[in-house]
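Fold and contact review
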Amino acid sequence: QVQLVESGGGLVQPGGSLRLSCAASGSIFSTLGWYRQAPGKQREMVATITTAGSTNYADSAKGRFTISRDNAKKTVYLQMTSLKPEDTSVYFCYASSLLRTNYWGQGTQVTVSS
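What comes next concerns the included structure. (Residues numbered from 1 in each chain as written. Predicted model: local features only at pLDDT ≥ 70, side-chain atom pairs only at ≥ 80, totals over all residues. Heavy atoms only, no water.)

Let's talk about the pattern of salt bridges
The test is simple: Salt bridges are defined as contacts in which a side-chain nitrogen from Lys or Arg sits within 4 Å of a carboxyl oxygen from Asp or Glu. Where helices and strands are cited, they refer to DSSP runs of H or I of at least four residues and of E of at least two residues respectively, numbered from the N terminus. Partly exposed describes any residue whose relative accessible area lies between the buried limit of under 20% and the exposed limit of over 50%, with all areas from a 1.4 Å probe on protein chains only and scaled to the type maximum.
Here the structure, examined in full by the defined rule, presents four salt bridges. Notably, a salt bridge pairs R36 with D87, separated by 3.0 Å at the nearest N-O pair. With a gap of 51 residues between them, R36 in strand β4 (residues 29-37) and D87 in the loop between β8 (75-80) and β9 (89-97) connect regions that are remote in the sequence. A relative accessible area of 7% places R36 in the buried class. On the basis of relative accessible area, D87 is assigned to the buried category, the value being 1%. A salt bridge links D87 to R64; the nearest nitrogen and oxygen atoms lie 2.7 Å apart. With D87 in the loop between β8 and β9 and R64 in the loop between β6 (55-57) and β7 (65-70), this pair connects stretches of sequence that are 23 residues apart. For the pair D87 and R64, one class covers both residues: buried. Connected via shared salt-bridge partners are R36, E44, R64 and D87.

What follows is the structure in structure tokens.
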């Protein structure tokens, strides 16, 4: 079965950095990415990446976040720099298979606070 396991969340000061990782197993995935959802807010796309390496970023993430993937390790990463309090959220790993089935991780908490 498909399983997405996130890691790397935590507490960081404004201006700091974090690197999120997601190990995706159980299928071949065409698109991997990261979404986030804060309390009382809708889930929003942060960044996605295709097998070929094409990336897409939310405007708020451009210039600060970098998404990458290691196909051999079946892992997607989100390097976050210059973090702001408004980045505080639960971050969810996302995967879409070649059959266009969507999968979600359990989520990892990112808190940006002094």
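Read on, since the account is not over.
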